[in-house]
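Observations on the model geometry
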Amino acid sequence: MATSLSNMFLKGIANRSLSRPLNGLFYCTRYSTSVSNDSDTHDDFKPANKLEGSGISLTNVIEQDVKDNPVMIYMKGVPDSPQCGFSSLAVRVLKHYDVPISARNILEDVELKNAVKTFSNWPTFPQVFVKGEFIGGSDIVLNMHQTGELKEKLKDVTSKQ
């Protein structure tokens with residue numbers, strides 16, 4: 001009986017994860033950035049900073065993100081799997097408006113996290129930008145939703161396809 005319950009549980013998890021559509025959202029996939037101390041690890045398989053030597057700074061990346069994406073959120077986790085309650089709240093409020101949400105997971109890169117804090121002059125996450133303007137965190141987004149101000153800000157943002 002324990003084996004059949006275990007199999008049912010595992011099948012349920014597998015089916016649930018496969019049944020979630022992407023809904024046209026942009027995701028920053030989370031990869032492990034820790035390097036094994038194993039002496040067999042070749043340099044080709046170690047994580048590399050793609051910006052290093054490219055002449056592109058994190059500030060440029062953030063500016064481009066905010067400029068190119070009508071709704072941009074820097075958060076802990078990704079929209080389908082937030083890693084903190086505040087990020088989860090911000091995503092739930094934004095999804096209410098059926099707009100495309102672009103996101104970056106700040107847990108993947110400490111340098112990105114610090115660059116976003118400097119860019120917005122705001123110390124906490126999530127950080128939400130709408131049409132290039134910094135809005136704030138989950139509490140401000142929720143407050144704007146409750147007063148109707150967020151609906152007004154998002155009224156001309158195209159719905160996701």
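Residues numbered from 1 in each chain as written. Predicted model: local features only at pLDDT ≥ 70, side-chain atom pairs only at ≥ 80, totals over all residues. Heavy atoms only, no water.

- Taking an unreviewed UniProt entry as the reference, the protein is identified by name as Glutaredoxin domain-containing protein belonging to Flemingia macrophylla.
- Per UniProt, the comment on the protein under Sequence similarities (unreviewed entry) is "Belongs to the glutaredoxin family. CGFS subfamily." (UniProt positions renumbered as here; feature names shortened; annotations may be inferred.)

**Side note on the environment of L154**
- Mapped onto the elements, L154 comes out in helix α6 (residues 149-154).
- A residue is classified by how much of its surface remains accessible, and L154, at 4% relative accessible area, is buried.
- When the C-alpha atoms of L154 and L94 are compared, they prove to be 9.3 Å apart, with 60 residues separating the residues in sequence. (Helix = DSSP H or I, 4+ residues; strand = E, 2+ residues; numbered from the N terminus. Buried < 20%, exposed > 50% of the residue type's maximum accessible area, 1.4 Å probe, protein only.)

**Side note on the packing of aromatic side chains**
- Enumeration according to the criterion identifies four aromatic pairs in this entry.
- Measuring from ring centre to ring centre gives 6.0 Å for Y74 and F129, while their planes differ by 85°; the resulting arrangement is edge-to-face. With Y74 in strand β1 (residues 71-75) and F129 in strand β5 (residues 127-130), this pair connects stretches of sequence that are 55 residues apart. In this structure, Y74 and F129 share a single accessibility class: buried.
- Grouping aromatic residues by their ring pairs yields a cluster made of Y74, F119, W122, F129 and F134. (Phe/Tyr/Trp six-rings, centres within 6.5 Å; stacked < 30°, edge-to-face > 60°.)

**What about the side chain of Q127?**
- Structurally, Q127 can be placed in strand β5.
- At a separation of 2.9 Å, a polar atom in the side chain of Q127 contacts the main-chain carbonyl oxygen of W122.
- One polar contact links the side chain of Q127 to the main-chain carbonyl oxygen of T124, over a distance of 3.1 Å.
- Sequence-distant contacts of Q127, defined by excluding residues within four places in its chain, comprise M72, I73, Y74, V116, K117, S120, W122, F134 and G136. (Polar contact = N/O pair within 3.5 Å; in protein donor to acceptor, adjacent residues only side chain to side chain. Contact = heavy atoms within 4.5 Å.)

**So, the nonpolar core**
- Within the largest apolar cluster, 19 residues are counted, with the highest numbers of intra-cluster contacts made by I73, L94, V128, L150 and L154.
- For this core, the secondary structure elements donating two or more residues are β1, α3 (85-95), β5, α5 (138-147) and α6.
- In terms of nonpolar packing, the next biggest core, distinct from the first, is built from ten residues, V66, M72, I106 and L112 among them. (Core = buried A, V, L, I, M, F, W, Y, C linked by side-chain atoms within 4.5 Å.)

**Observations concerning unusual backbone geometry**
- Here the amide bond leading from F125 into P126 is cis, since omega sits at 10°, within 30 degrees of zero.
- Tracing the backbone shows P126 in the loop between α4 (110-120) and β5.
- Phi at N121 takes a positive value of approximately 60°, unusual for a residue other than glycine.
- Position of N121 relative to the elements: it lies in the loop between α4 and β5.
- The residue K131 is not glycine, and still its phi comes out positive at about 50°.

**Comments concerning the packing of helix α2 (residues 58-68) against α4**
- At a closest axis distance of 9 Å, the pairing of α2 and α4 adopts a crossing angle of 65°. As judged from the angle between their axes, α2 and α4 are roughly perpendicular. Crossing of α2 over α4 shows right-handed handedness. Contacts from L58, T59, I62, E63 and V66 in α2 reach E111, L112, A115, V116 and F119 in α4. (Axes fitted to C-alpha atoms, helices over the stretch in contact; angles between N-to-C directions. Parallel < 35°, antiparallel > 145°, perpendicular 65-115°, else oblique. Left-handed = near helix turned anticlockwise from the far one by under 90°.)

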